[in-house]
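Coordinate inspection notes
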Amino acid sequence: MSDPMRPRASLRTAVVWDVLKDALDRRVKATGQGPDGAADGGVGGHGAPGGLDVLDTGGGSGNFAVPVARLGHRVTVVDPSPNALFALERRAAEAGVADRVRGVQGDVHGLFDVVERGGYDAVLCHGVLEYVDDPAEGMRNVVSALRPAGVVSLLAAGLGGAVLARALAGHFSEAHRALDDPAGRWGEGDPVPRRFTAEQLTELVQGAGLRVGAVHGVRVFADLVPGVLVDTEPGALEALIKLEAAAAELSAFHSVATQLHVLGETPGAAEATAAPAADEA
Ligand SMILES: C[S@@+](CC[C@H](N)C(=O)[O-])C[C@H]1O[C@@H](n2cnc3c(N)ncnc32)[C@H](O)[C@@H]1O
């Protein structure tokens, strides 16, 4: 999703986008559903030819849905906000992918009132579990939307990143409150209802029957570095994006990341993308 017109935006999304794109590419290879409109007849082909079926729960105005559609996949966005769905429609049209993006009003708890159970190769759940009443139920619905071989891209607010950000802004009591609060909130004015540790998110993913493929810390430094350093130093933005990518992989940094990303795979998907045995290689 690196948009050359919005380099600062790519600082916030590059880690997630790289992991997501790689996961989708692996599903394309495993299913044989090439993204150019022509299935290449590989193993496990299904559904309409040409790209994967992707569901973006709480996909909003299409920050991820539109770039995913630009890869050649069909994306259904479920979101309760009519305004977000309107913006999505406009954005998809501007990007020339209106025929591959469908917006549906609904929410993750009533997901199967509006979309098919077991109908998707990949389900995105980005920035949503913070807001739902029951994250475990939301996660189970996300997983139930998958085909037998499918992947989930889960992104949610990290507890440690919020504590660090409040402390560095001089709000020490709020930082302490977030640290002690079971929902990770720093006070009544906190707009985020719930934050997670990496352990809580991986438990949610595993509890819903998926294998954890990878965990990444997102925006470890991006929200803490003064903008002027990034905007005025030549090459600073690119260097910071590379630093974010390197730190994202290290569990030591997961505990201070603003967001956490977990890639979950059904047992069927994990098998399909496992390294071939030595005698098959
Ligand atoms: C922080 S935004 C994230 C949007 C998008 N996923 C992204 O990464 O840019 C949260 C989105 O979740 C949606 N949302 C809130 N509650 C929801 C629910 N119960 N089920 C599905 N989506 C929900 C909101 O309307 C909003 O579009």
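Our structure's up above, just so we're on the same page.
Digging into the overall build of the chain
Within the chain, the secondary structure is distributed over twelve helices and seven strands. The 281 residues of the chain split such that 47% are buried. Across the chain, the fraction of contacts at a sequence separation of at least 24, relative to all contacts at a separation of at least 6, is 70%. Of the roughly 13300 Å² of accessible surface on the chain, a fraction of 54% belongs to carbon and sulfur atoms.

Describing the pairing of strand E4 (residues 120-126)
Along any regular strand, the residues point their side chains to alternate faces of the sheet. Counting buried residues in E4 gives seven out of seven residues, a clear majority hidden from the surface. Where strand E1 (residues 53-57) lies against E4, four bridges are found, and the strand directions are parallel. Bridging across to E4, aspartate 56 finds its partner in leucine 124. By the bridge criterion, six bridges tie E4 to strand E5 (residues 146-157) in an arrangement that is parallel. Looking at E5, one finds that alanine 122 is bridged to valine 151. The handedness of the E4 to E5 crossover, carried by helix H5 (residues 135-144), is right-handed.

Some points on the sheet that holds strand E7 (residues 259-265)
Two strands in a sheet stick together by hydrogen bonds in their backbones, pointing the same way (parallel) or opposite ways (antiparallel). Spatially, seven strands are ordered E3-E2-E1-E4-E5-E7-E6 in an open sheet, and the strand pairing comes out mixed. Bordering the open sheet on either side are strand E3 (101-105) and strand E6 (211-218), each of which pairs with just one other strand. Ignoring strand direction, the axes of neighbouring strands in this sheet form an average angle of 15°. Here helix H3 (residues 82-94) sits on the sheet in contact with strand E2 (74-79) and E3, set at roughly 170° to E3. Of the strands in this sheet, E1, E4 and E5 are in contact with H5, which crosses E5 at around 145°.

Structural notes on unusual backbone geometry
The backbone of arginine 219 sits at a positive phi, close to 60°, despite the residue not being glycine. Along the chain, the position of arginine 219 falls in the loop between E6 and helix H9 (227-232).

Describing helix H6 (residues 159-168)
For H6, every residue scored as buried is listed here: Leu159, Gly161, Ala162, Val163 and Arg166. Of the surrounding secondary structure, the elements contacted by the buried residues of H6 are E5 and helix H7 (172-180).

Focus: the packing of aromatic side chains
Throughout the structure, instances matching the rule amount to one aromatic pair. Above the ring of phenylalanine 112, the side-chain terminus of arginine 117 is found at 4.2 Å from the ring centroid.

Some remarks on the pattern of salt bridges
Think of it this way: side chains of opposite charge can pair up when their charged atoms draw near. Scanning all chains against the criterion turns up twelve salt bridges. With its nearest N and O atoms 3.1 Å apart, the salt bridge here joins lysine 21 to aspartate 25. Here the residue lysine 21 and the residue aspartate 25 both occupy positions in helix H1 (residues 7-31), the gap between them amounting to four residues, near one helical turn. For lysine 21, a relative accessible area of 31% corresponds to the partly exposed category. Across the pair arginine 26 and aspartate 22 runs a salt bridge, and its minimum N-O distance is 3.3 Å. Of this pair, arginine 26 and aspartate 22 both sit in helix H1, four residues apart, which is roughly one turn of that helix. Residue classification places aspartate 22 among the partly exposed positions, given a relative accessible area of 41%. Residues joined by salt bridges that share partners form a network here, namely Asp22, Arg26, Arg211 and Glu265.

Rules of the game
- Residues numbered from 1 in each chain as written.
- Predicted model: local features only at pLDDT ≥ 70, side-chain atom pairs only at ≥ 80, totals over all residues.
- Heavy atoms only, no water.
- Helix = DSSP H or I, 4+ residues; strand = E, 2+ residues; numbered from the N terminus.
- Buried < 20%, exposed > 50% of the residue type's maximum accessible area, 1.4 Å probe, protein only.
- Contact = heavy atoms within 4.5 Å.
- Areas by Shrake-Rupley, 256 points an atom, 1.4 Å probe, with all protein chains shown as cover.
- Pairing = 2+ DSSP bridges.
- Right-handed = clockwise from strand over helix to strand, strands pointing away.
- Axes fitted to C-alpha atoms, helices over the stretch in contact; angles between N-to-C directions.
- Phe/Tyr/Trp six-rings, centres within 6.5 Å; stacked < 30°, edge-to-face > 60°.
- Lys NZ or Arg CZ within 6 Å of the ring centre and 35° of its normal.
- Salt bridge = Lys/Arg side-chain N within 4 Å of Asp/Glu carboxyl O.

Interpretation note: all reported values are geometric properties and have no functional meaning in isolation.
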